[in-house]
Every structure is written in C-alpha cells, then in structure tokens.
Amino acid sequence: MTDLYIGMMSGTSLDGVDAVLVRFDDAGRPQPLADHVVPYPADVKSAVLALQPRGHDELHRAETLANRLAEIYAQAAGELLAKSDRHPNDIRAIACHGQTVRHAPHDGYTVQIGNMAKLAELSGIDVIADFRSRDVAAGGHGAPLVPAFQQSAFSNPDEKRVILNIGGISNIARLHAGQEAIGFDCGPGNMLMDAWCLRHTGQPFDDDGRWAAGGAVHAPLLAAMLAEPYLTQPPPKSTGRDLFDDEWLVGKLAALSSAPSAQDVQATLLAFSARGIADSVLEHCPGNQAVYACGGGARNGALMAEISRLLPGQQVSAIEALGLPAQLIEAIAFAWLGWRFDHRQAGNLPSVTGAQGPRVLGALYPR
C-alpha cells in the first residue's frame, strides 16, 4: 500500500482550501512533500456564511454548495498532483475535512459539507472524510481533533509546551510530560478581526496586525467581550461561528455608551483574541515553558507580540521551530487522520474532546 496521502483543510477563516501531499513512514510520522492553496471565490464564501444561521431552503442550498466545494477540492488535488509530478494512482487517499456550516455537539451533531462521493469521482482517488461525527456519536465535541496529531508529532519530555493554532478560531493543545494531553477552543482567533478588517478597509485581513497596532484598545468593549460565558467554561469545549459571528460583535458594540472608532475596534479584537489564548494557557497549562503557534494568526506579528506580553517567561514562537510549516499543520493533521483510518487506529483524544473512548474516525468514499 502506498504511503502518500493528500490532506485537505478548509476552516472557519473561509479563505480557501489548503492541500498538502504527505508521505508517512511505518510509524505514521509525516513528511510533507508539496502543498497548494485554492482560494474560495467570493460567492462560495458568502454561501457558506449564509448557511450558518437557520434559513429558507437550506437543504437545497447546502447540497448545491457541497457540489461546488467538491469541485474546488478536486481542483486543489489536481493542481497539487501536477505541481508534484504525481498521478492519482500514486495516492492512497484524500483526507478531506470538508467545510463546517453548523457545529452543535450538545445537540448531538456537527456538519461539515462537501460532496465527497463527487470528489472521489472527479479526482479518481479514494476519499476519507466525515472525521468529526464518530467522536460526537461517542459523546464528544468532535473538536478539536488536531491535538491528537500534535501530541504524536510534537511531544517532548524535556519541555512543557503548548501547541497553539490560530485559525478563524484559536485552540490549544497542552503537551506536558507525565500529564494527560488536553486541548480545546479558546475563542476567536482571526475570524472577527478578518471580518471587521474587510468591512472597514476592504482588505481580507489585517496584514501583520498593522491596522490594529495603530489603534487603541477600548476598555469597555474588551470587558464586554471577555464577559462571554464560553471563555470560563471548563474543557472539553469547542466553538465556532455559531457563537462568535458578526451579530455577536454587533451586540457588544450596541451596548456601549459611546462608539469606538473602527481602528480601535480592530485593536480591541486583537486584544480579545490574545487574552482568550493567554488566559487559557495560564489557567489550564501551569508551568508551561513554550508556546508554538501555527495557522494564519502565527503570521500576525502584533498578535504574536501581544500573546508573548501576556505570557511572561514563556517562549512564544512559530511552529517552524519544530520542523513543520505553520500554515500546513491542520492539513497535515487530516492527512494523518486518513492514515490512522486506513490502519484502523483511533484518531481522537477523549481527554480533549470528551468522547467516551478512543474511536477510529472517518468514512471511506472509494474511487
């Protein structure tokens, strides 16, 4: 059996699909060989956002969007194969996360759409998908799943470390020798900052946090955001756009006695993301020595500097220091989950998700 997998991740930031070609050795250690990004067209991003709340004709809209996503995923696979001079027959499987449109583990479900049968048809490659639902069926949150991979790839008995992912939502994995791994969603990462930046500057994100750095934190707004009950809930826990959406922010702003400037709101959103992360590390990871960040937020210098300021005495750096590229960790993690599925090995950590026990995650759509 070939050991080449394509991992695909399209997350809450809604910027597109990250695809990575990964070779695994017999122990499941990954070696990324090539990567490729296909940005989401504006209409696809809008269609995903429109499915977050309940609405008219949502089944039809979800299924037609799932077909469109399958075409984008197939495009990503084809262009990645061309870039790496590979053929579909060289690949054991595409391990595809799909696009989350509804996350409600307390109601017993989580929904990641993408017509995976169509992806198998278009790509000519086996597809492994639907990784989260088995964990939810076992009583877990189905998220975050990446800490299981991070424990496998980055644990070190000589350093108490946290792996931090800053995507649309931020999450941490505590990797301390002699302690059970834990991981959970801290709160918003880039999601609210990106949406506010797009609305007021026309740019999809605040490059290196420069716009935020030119503003001032609005203390009443920050206090109102930090009062969100989710932040003090004990793990296991997970969140997403179902809570931290534009309406959530609009509600916080509407309750203020005076309106801050758009730039000051951006500065406050950055401070809020940093506090959610730092407070999580301080409360749940005592004695931690180092934080290694991945995801798009790891490239936001202002955000990284604020996290470092809030965690004195801890090394805060990008995960490249551990040998894998920051932007590809989640896509590599889902390739790893595909490898685990093929070897019928559990892909979840019950201590992270709250599931009743280890479970093999995923469903197969043969080519």
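Residues numbered from 1 in each chain as written. Predicted model: local features only at pLDDT ≥ 70, side-chain atom pairs only at ≥ 80, totals over all residues. Heavy atoms only, no water.

### Some words on helix H12 (residues 329–342)
For step 1, the next point in the chain: In this model H12 runs 20 Å from its N-terminal to its C-terminal C-alpha over 14 residues, within 8% of the 20 Å that 1.5 Å per residue would give.
For step 2, the next point in the chain: Of the residues trailing H12, Arg 344 is marked for its positive phi of about 50°. (Helix = DSSP H or I, 4+ residues; strand = E, 2+ residues; numbered from the N terminus. Expected span 1.5 Å × (residues − 1).)

### Concerning the UniProt feature "binding site: ATP" (unreviewed entry) in the protein
For step 1, the next point in the chain: The UniProt feature table records "binding site: ATP" (unreviewed entry) at Gly 11, Thr 12, Ser 13, Leu 14, Asp 15, Gly 16, Val 17 and Asp 18.
For step 2, the next point in the chain: Within the secondary structure layout, Thr 12 lies in the loop between strand E1 (4–9) and strand E2 (16–24).
For step 3, the next point in the chain: Not counting residues up to four positions away in its chain, the partners in contact with Thr 12 are Gly 168, Ile 169, Met 191 and Arg 241.
For step 4, the next point in the chain: There is a polar contact of 3.4 Å between the side chain of Thr 12 and the backbone nitrogen of Gly 168. (UniProt positions renumbered as here; feature names shortened; annotations may be inferred. Contact = heavy atoms within 4.5 Å. Polar contact = N/O pair within 3.5 Å; in protein donor to acceptor, adjacent residues only side chain to side chain.)

### Topic: the packing of helix H6 (residues 191–201) against helix H10 (residues 262–284)
For step 1, the next point in the chain: Interaxial distance between H6 and H10 falls to 9 Å at its minimum, and their mutual angle equals 170°. Classified by the angle their axes make, H6 and H10 are roughly antiparallel. Facing Leu 192, Met 193, Trp 196, Cys 197 and His 200 of H6, the residues of H10 in contact are Ala 262, Val 265, Gln 266, Leu 269, Leu 270 and Ser 273.
For step 2, the next point in the chain: The class makeup of the residues in the contact of H6 with H10 is 8 nonpolar, 3 polar and no charged. (Axes fitted to C-alpha atoms, helices over the stretch in contact; angles between N-to-C directions. Parallel < 35°, antiparallel > 145°, perpendicular 65-115°, else oblique. Nonpolar A, V, L, I, M, F, W, Y, C, P; charged D, E, K, R; others polar.)

### Quick word on the state of the cysteines
For step 1, the next point in the chain: For the structure shown, the criterion picks out 0 disulfides.
For step 2, the next point in the chain: With no disulfide of its own, Cys 285 lies closest to Cys 186 among cysteine sulfurs, the gap being 8.5 Å.
For step 3, the next point in the chain: Residue classification places Cys 285 among the buried positions, given a relative accessible area of 2%. (Disulfide = S-S within 2.5 Å. Buried < 20%, exposed > 50% of the residue type's maximum accessible area, 1.4 Å probe, protein only.)

### Observations concerning the side chain of Arg 92
For step 1, the next point in the chain: In this fold, Arg 92 is placed in the loop between helix H2 (58–84) and strand E4 (93–96).
For step 2, the next point in the chain: Separated by 3.0 Å, the side chains of Arg 92 and Asp 342 make a polar contact.

### Observations regarding the sheet that holds E1
The strands making up a sheet are joined through hydrogen bonds of the backbone, oriented either antiparallel or parallel.
For step 1, the next point in the chain: Ordered by their spatial adjacency, 6 strands build an open sheet running E3-E2-E1-E4-E7-E13, and the pairing between neighbours is mixed. The strands lining the two open edges of the sheet, one partner per strand, are strand E3 (30–39) and strand E13 (363–365). This sheet shows a mean twist of 25° between the axes of neighbouring strands, independent of strand direction.
For step 2, the next point in the chain: Pairing analysis gives 4 bridges linking E1 to E4, with the strands arranged parallel. Considered in E4, the bridge of Gly 7 is made with Ala 95.
For step 3, the next point in the chain: In the packing of H12 onto the sheet, contacts are made with E1, E2, E3, E4, strand E7 (127–129) and E13, and the angle to E1 comes to roughly 130°. (Pairing = 2+ DSSP bridges.)

### Some words on the pattern of salt bridges
For step 1, the next point in the chain: Inspection of every chain in the model, using the stated rule, returns 13 salt bridges.
For step 2, the next point in the chain: Asp 126 serves as the salt-bridge partner of Arg 92, at 3.0 Å between the closest nitrogen and oxygen. With Arg 92 in the loop between H2 and E4 and Asp 126 in the loop between helix H3 (116–123) and E7, the pair connects residues that are 34 residues apart, well separated along the chain.
For step 3, the next point in the chain: The shortest N-O distance in the salt bridge between Arg 161 and Glu 159 comes to 2.8 Å. Take Arg 161 and Glu 159: they sit in the same class, and that class is buried. (Salt bridge = Lys/Arg side-chain N within 4 Å of Asp/Glu carboxyl O.)

### A short note on the layout of surface pockets
For step 1, the next point in the chain: Computed from the structure, the second largest pocket encloses a volume of approximately 280 Å³.
For step 2, the next point in the chain: Taken together, 14 residues make up the lining of the second largest pocket; nearest its centre are Leu 59, Ala 62, Val 101, Val 111 and Ile 113.
For step 3, the next point in the chain: Contributing elements (two or more residues each) for the lining of the second largest pocket: H2, strand E5 (99–104) and strand E6 (109–113).
For step 4, the next point in the chain: Element by element, the count of residues in the lining of the second largest pocket is highest for H2, at 5 residues. (1 Å grid on protein atoms, 1.4 Å probe; cavity = no way out; pocket = protein on both sides within 12 Å on 5 of 7 lines; lining within 4 Å. Points joined across faces, edges and corners; volume = space filled by probe spheres on them.)

### So, the environment of Leu 231
For step 1, the next point in the chain: Tracing the chain through its elements places Leu 231 in the loop between helix H8 (219–226) and helix H9 (246–254).
For step 2, the next point in the chain: Each C-alpha atom, one on Leu 231 and one on Asp 185, is 9.3 Å from the other, the two residues being 46 residues apart in sequence.

### As for the sheet that holds strand E12 (residues 315–318)
For step 1, the next point in the chain: Taken together, the 5 strands give an open sheet; going across it, the order is E10-E9-E8-E11-E12, and neighbouring strands pair in mixed fashion. Pairing within the sheet leaves two strands with one partner each, and these edge strands are strand E10 (182–188) and E12. Across the sheet, the mean angle separating the axes of adjacent strands is 20° when strand polarity is ignored.
For step 2, the next point in the chain: Its contacts with the sheet put H10 on strand E8 (161–166), strand E9 (169–175) and E10, and the angle it makes with E10 is roughly 155°.

### Overview of unusual backbone geometry
For step 1, the next point in the chain: With omega at -15°, the peptide bond leading from Ala 143 into Pro 144 counts as cis.
For step 2, the next point in the chain: Structurally, Pro 144 can be placed in the loop between helix H4 (133–137) and helix H5 (146–154).
For step 3, the next point in the chain: Residue Asp 57 is not a glycine yet carries a positive backbone phi of 55°.
For step 4, the next point in the chain: Turning to its location among the elements, Asp 57 is positioned in the loop between helix H1 (42–50) and H2.
For step 5, the next point in the chain: On the accessibility criterion, Asp 57 (41% relative accessible area) is partly exposed.
For step 6, the next point in the chain: In this structure, Arg 344 is a non-glycine residue whose phi angle is positive, near 50°.
For step 7, the next point in the chain: Mapped onto the fold, Arg 344 is located in the loop between H12 and helix H13 (350–353).

### Some thoughts on the packing of aromatic side chains
For step 1, the next point in the chain: Counting across every chain of the model gives 9 aromatic pairs.
For step 2, the next point in the chain: Here the aromatic rings of Phe 131 and Phe 334 are separated by 5.6 Å at their centres, their planes lie at 65°, and the arrangement is edge-to-face. Of this pair, Phe 131 sits in the loop between E7 and H4 while Phe 334 sits in helix H12, and the two are 203 residues apart along the sequence. The burial state of Phe 131 is the same as that of Phe 334; both residues are buried.
For step 3, the next point in the chain: Through a chain of ring-to-ring contacts, the aromatic side chains of Tyr 230, Phe 244, Trp 248 and Phe 272 assemble into a single cluster.
For step 4, the next point in the chain: Lys 237 extends its terminal NZ or CZ atom over the ring of Tyr 230, reaching a point 4.5 Å from the ring centre.
For step 5, the next point in the chain: The side chain of Arg 344 reaches across the aromatic face of Phe 341, ending 4.5 Å from its centre. (Phe/Tyr/Trp six-rings, centres within 6.5 Å; stacked < 30°, edge-to-face > 60°. Lys NZ or Arg CZ within 6 Å of the ring centre and 35° of its normal.)

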